[in-house]
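# What the coordinates show
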Amino acid sequence: MLLQLLTAVAALAGAACSLLAEGSGTGAISGILPFTAGGFIYLGTVSVLPEILRNSGPAQALLQLLALLAGVAMMLLIAHYE
């Protein structure tokens with residue numbers, strides 16, 4: 001329960017920091033956005049890849065890995081053309 005409280009406080013601190021940095025311009029966004037996206041990609045792959053490799057055959061694991069990489073590619077395309 002203490003760790004849950006710690007994550008909630010960290011989420012509030014992150015929200016407060018983003019609200020304070022709102023008017024600072026594109027410099028803050030260009031530094032924070034890749035860091036945040038990388039964190040989400042890392043957490044997604046760390047939690048998804050062991051499940052893929054443990055519960056499926058090689059062909060199914062390859063298809064799921066390709067779908068994961070296609071999702072990352074779509075995020076890159078959206079970020080590039082935004």
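Residues numbered from 1 in each chain as written. Predicted model: local features only at pLDDT ≥ 70, side-chain atom pairs only at ≥ 80, totals over all residues. Heavy atoms only, no water.

### Quick notes on the overall build of the protein chain
To keep things clear, this is the line we draw: Only DSSP runs of H or I with at least four residues qualify as helices, and only runs of E with at least two residues qualify as strands; both kinds are numbered from the N terminus onward. Within these notes, the globule rule equals 2.2 Å times the number of residues to the 0.38 power, and the radius of gyration is based on C-alpha atoms. A 1.4 Å probe rolled over the protein chains alone gives each residue an accessible area, and that area as a share of the maximum for its type sets the label: buried under 20%, exposed over 50%, partly exposed in between.
Helices and strands together make up the secondary structure of the protein chain, namely three helices and zero strands. Relative to the compact-globule value of 12 Å for 82 residues, the protein chain shows a C-alpha radius of gyration of 17 Å, a clear excess of over 25%. For the C-alpha atoms alone, the extent of the protein chain along its principal axes is close to 50 × 40 × 10 Å. Among the 82 residues that make up the protein chain, the fraction classed as buried is 2%.

### Let's talk about the UniProt feature "transmembrane region" (unreviewed entry) in the protein chain
Quick note on the threshold: UniProt positions are given in the numbering used here, feature names are shortened, and annotations may be inferred rather than shown by experiment.
When the UniProt feature table is mapped onto this chain, "transmembrane region" (unreviewed entry) is found at residues 31–49 and 61–81. Across residues 31–49 one finds 100% helix and 0% strand; the C-alpha atoms that close the span lie 28 Å apart. When the span residues 61–81 is considered, its composition is 100% helix and 0% strand, and the gap between its end C-alpha atoms is 30 Å.

### A few points about the UniProt feature "signal peptide" (unreviewed entry) in the protein chain
In this structure's numbering, the residues bearing the UniProt feature "signal peptide" (unreviewed entry) are residues 1–17. Counting secondary structure, residues 1–17 comes out at 94% helix and 0% strand; the distance between its end C-alpha atoms is 24 Å.

### Some points on the confidence of the model for the protein chain
Put simply, the rule is: Predictor confidence is given residue by residue as pLDDT, running from a minimum of 0 to a maximum of 100.
On average, the protein chain scores 79 in pLDDT, and the residues at 70 or more come to 91%. When pLDDT is averaged over each helix and strand of the protein chain, the minimum, 74, is found for helix α2 (residues 26–55) and the maximum, 84, for helix α3 (residues 58–81).

### Observations concerning a nonpolar patch on the surface
Counted only if it meets this: Here the term patch refers to residues with relative accessible area over 30% and no salt bridge, with like charges joined within 9 Å and nonpolar side chains (Val, Leu, Ile, Met, Phe, Trp, Tyr) within 5 Å. Per-residue and other accessible areas were derived by the Shrake-Rupley procedure at a 1.4 Å probe size, with only the shown protein chains allowed to occlude residues. Only one rule defines a salt bridge in this text: a Lys or Arg side-chain nitrogen within 4 Å of an Asp or Glu carboxyl oxygen.
The grouping of Leu62, Leu63, Leu65, Leu66 and Leu69 at the surface amounts to a nonpolar patch, some 470 Å² of accessible area in total. Following the sequence through the fold, Leu65 ends up in helix α3.

### What about the environment of Thr7?
One can find Thr7 in helix α1 (residues 2–20). For Thr7, a relative accessible area of 46% gives the class partly exposed. Taking the C-alpha atoms as reference points, Thr7 and Tyr42, separated by 35 residues in sequence, lie 18 Å from one another.

### Quick look at the layout of surface pockets
Keep this limit in mind: Using only the protein atoms, space was sampled on a 1 Å grid; points where a 1.4 Å probe fits but cannot get out form cavities, open sets with protein on both sides within 12 Å along at least five of seven lines form pockets, and lining residues are those with an atom within 4 Å of a point. Grid points are joined across faces, edges and corners, and a volume is the space filled by probe spheres set on the points. Asp, Glu, Lys and Arg are counted as charged, while Ala, Val, Leu, Ile, Met, Phe, Trp, Tyr, Cys and Pro are counted as nonpolar; the rest, among them Gly, fall into the polar class.
Empty space within the largest pocket amounts to approximately 310 Å³. Taken together, Leu33, Pro34, Ala37, Ile41, Val72, Met75, Leu76, Ala79 and Glu82 make up the lining of the largest pocket. Of all the elements in the fold, those that place two or more residues in the lining of the largest pocket are α2 and α3. Taken together, the residues that form the lining of the largest pocket break down as eight nonpolar, no polar and one charged.

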